[in-house]
Amino acid sequence: MQKFDSIRPFYDTEVNEAIQSAVNHPMMKALMGFTFPDVDEEVWKSQLKKTHSIRDFQCNFIYQAVQKVLKKSSEGLTTSGFEKLEKNTSYLFISNHRDIILDTSLLNVALFDHGLVMTASAIGDNLVQKSFLKTLSKLNRNFLVQRGLPPRELLESSKLMSEYIGQLLLRENRSVWIAQREGRTKDGNDATHSGVLKMLGMGSDEKNLMDYFKKLKIVPVSISYEYDPTDALKMPQLIAEAKNEIYIKEKNEDFVTLLSGIIGQKKRIHIHIGDVLDSELDAIASEFDNNNKQIQALAQTIDDSILQSYMLWPTNYIAYDLLHKTDQYAAFYTENEKSLFERRLEMKIDENNPQMLESFLAMYANPVVNKSKYQNAI
C-alpha cells in the first residue's frame, strides 16, 4: 500500500537490503560491539546478512541489545499487568513518555517475554535525521511522526498517521505504541494531550467516536525509572519555560539525549499494563454527546490509569521531602538512599541556582503529588 510509504517501517521484503546497506556503518559496529562484546565481527555480520524479517532482527539483535542495556545501566526491569493481555491480539498501548528509545523498547521486550504481539511504534522524524538512524528505526518497526509542519500539512500528516494506526491495529493485527503526548515529560507530570487522541480519532468512520476507540483496544501503560538518566539534560528547557522564554534546542541535543537515556544509570524500572478501556468508553459516550468533551474525558481516564499504577521509588519520596523541607515520606527510603540521591544532585546540577534545584527536585517529586491525589480520593 503506497499510501503509507512516507511513514511506514520496512516491509519484510525490504529488510535484508536495508541491513546489507547498514552492516558496515560505524554505528552498527558500535551497536553490535556493545551487544555482543565477545563475538567476532565477522560472525555477527554473517548473522545479520542472513536476516530477512523485522521480527528476526528484533528478536536476535535488538532484544539482545536491550538486555545488555538493562544489565549495564539498571538494576533490572519488573512488570505487572501483562497477564491481562491475550495472545495473538493487537492493542493500542498509550504510555507516559520518559525516554526517547527505551520506553517502547522495554515494552517490546516485556511483550516478547510474555508471548504477546510486539508493537509498531511512533517516533518523531526529528530523531532520525541521520540516514543510519532512519534505517535502524524502520528495521525496528518504527513509523514516523512528521514534526514541524505548517498547519495544513500537519492536518494531512495527522490524518495519514491515524489511518495507518487503524490499518495496523484493525487489519494487520499489529499492536501499536504511542506516547500520551508529543515529546517526553520533562517535569514529572504525566498528562495525555487531547491532540494525540484527536489524531487517533481521525481514522474513525464510526458514527460514535468511542465505538471506534473500543475497536482499537486502548491500554494505558505506566513506565517509571528510579533514576531518570536524562534528568540534568532536561533542566535548560524547564528553566526557560519557568522564565516564559522560548527554548531552542542545540543542534545535536536529541541525539545526545537519546544516547544518555540508553547508557545512563536508571537503577530499577517498572512497567505496568492497565486494563483495556471498554466500559469506561461506554460511560464517556453516554455522559457526553460532544466529541471534544469525550476526548477530554478519555484523556482523563488514561491519566487516571497511568498515575494510579505509576511505581514510586525512594528517589521520588526523597525529592518530595527535600523540595518541601519535610520528612513526611521518610519511612519510604533509607538514609543511604537519601545520601546517594543528594550526591547525584551535587554532581548533576548547580545547587547555587535555586531555580535549577527546584526544577530537578520537582521532576522527581511530582509523581508523588499526582499519585497521592488518587490515594486521598479512595
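My aim in this report is to walk through the structure given alongside it, one point at a time. Quantities reported herein were computed from a predicted structural model and do not represent experimental measurements.

### A closer look at unusual backbone geometry
Note: most peptide bonds trans; most residues except glycine with negative phi.
Part 1 of the argument: In this structure, Asn 88 is a non-glycine residue whose phi angle is positive, near 55°.
Part 2 of the argument: Among the structural elements, Asn 88 can be located in the loop between strand E1 (74–80) and strand E2 (92–95).
Part 3 of the argument: Here Lys 217, not a glycine, exhibits a phi torsion of approximately 55°, which is positive.
Part 4 of the argument: Take Lys 217: it is sitting in the loop between helix H9 (209–216) and strand E6 (218–225).
Part 5 of the argument: A residue is classified by how much of its surface remains accessible, and Lys 217, at 27% relative accessible area, is partly exposed.

### Comments concerning the side chain of Ser 372
Part 1 of the argument: Tracing the backbone shows Ser 372 in helix H16 (residues 354–377).
Part 2 of the argument: Polar contacts involving the side chain of Ser 372 include one to the main-chain carbonyl oxygen of Val 369, which spans 2.8 Å.

### Here's the deal with the sheet that holds strand E7 (residues 267–273)
Part 1 of the argument: Pairing within the open sheet is mixed, and its seven strands lie in the order E1-E7-E6-E2-E5-E3-E4. With partners counted over all chains shown, the strands left at the sheet margins are E1 and strand E4 (142–145), one partner each. The mean inter-strand angle of the sheet, taken between neighbouring strand axes irrespective of direction, is 25°.
Part 2 of the argument: Judged from the three bridges that link them, strand E3 (residues 119–124) and strand E5 (residues 175–179) form a sheet pairing that is parallel. Bridging from a neighbouring strand, Ala 120 pairs with Val 176 of E5.
Part 3 of the argument: Against the sheet, helix H4 (residues 54–73) makes contact with E1 and E7, and its axis sits at roughly 120° relative to E1, the strand it touches most.

### Considerations on helix H3 (residues 41–49)
Part 1 of the argument: Listed as buried for H3 are Trp 44, Lys 45 and Leu 48. In a view along the axis of H3, the buried residues occupy a sector of 105°, so they form one face of it.

### What about the pairing of E4?
Part 1 of the argument: Burial along E4 is two-sided: the face carrying Asn 142 and Leu 144 and the face carrying Phe 143 and Val 145 are both buried.
Part 2 of the argument: Pairing between E3 and E4: four bridges, direction parallel. Note on E4: the bridge partner recorded for Ala 122 is Phe 143.
Part 3 of the argument: On the question of chirality, the crossover connecting E3 to the parallel E4 by way of helix H6 (residues 131–139) is right-handed.

### Examining the pairing of E7
Part 1 of the argument: Of all seven residues in E7, six are buried, a share of seventy percent or more.
Part 2 of the argument: Note that E1 and E7 share five bridges and pair parallel. Along E7, the bridge assignment pairs Leu 77 with Ile 269.

Reading the values: rules and limits
- Residues numbered from 1 in each chain as written.
- Predicted model: local features only at pLDDT ≥ 70, side-chain atom pairs only at ≥ 80, totals over all residues.
- Heavy atoms only, no water.
- Helix = DSSP H or I, 4+ residues; strand = E, 2+ residues; numbered from the N terminus.
- Buried < 20%, exposed > 50% of the residue type's maximum accessible area, 1.4 Å probe, protein only.
- Polar contact = N/O pair within 3.5 Å; in protein donor to acceptor, adjacent residues only side chain to side chain.
- Pairing = 2+ DSSP bridges.
- Axes fitted to C-alpha atoms, helices over the stretch in contact; angles between N-to-C directions.
- Contact = heavy atoms within 4.5 Å.
- Arc of directions from axis to C-beta.
- Right-handed = clockwise from strand over helix to strand, strands pointing away.

Shape is all these values report; function is a separate question.
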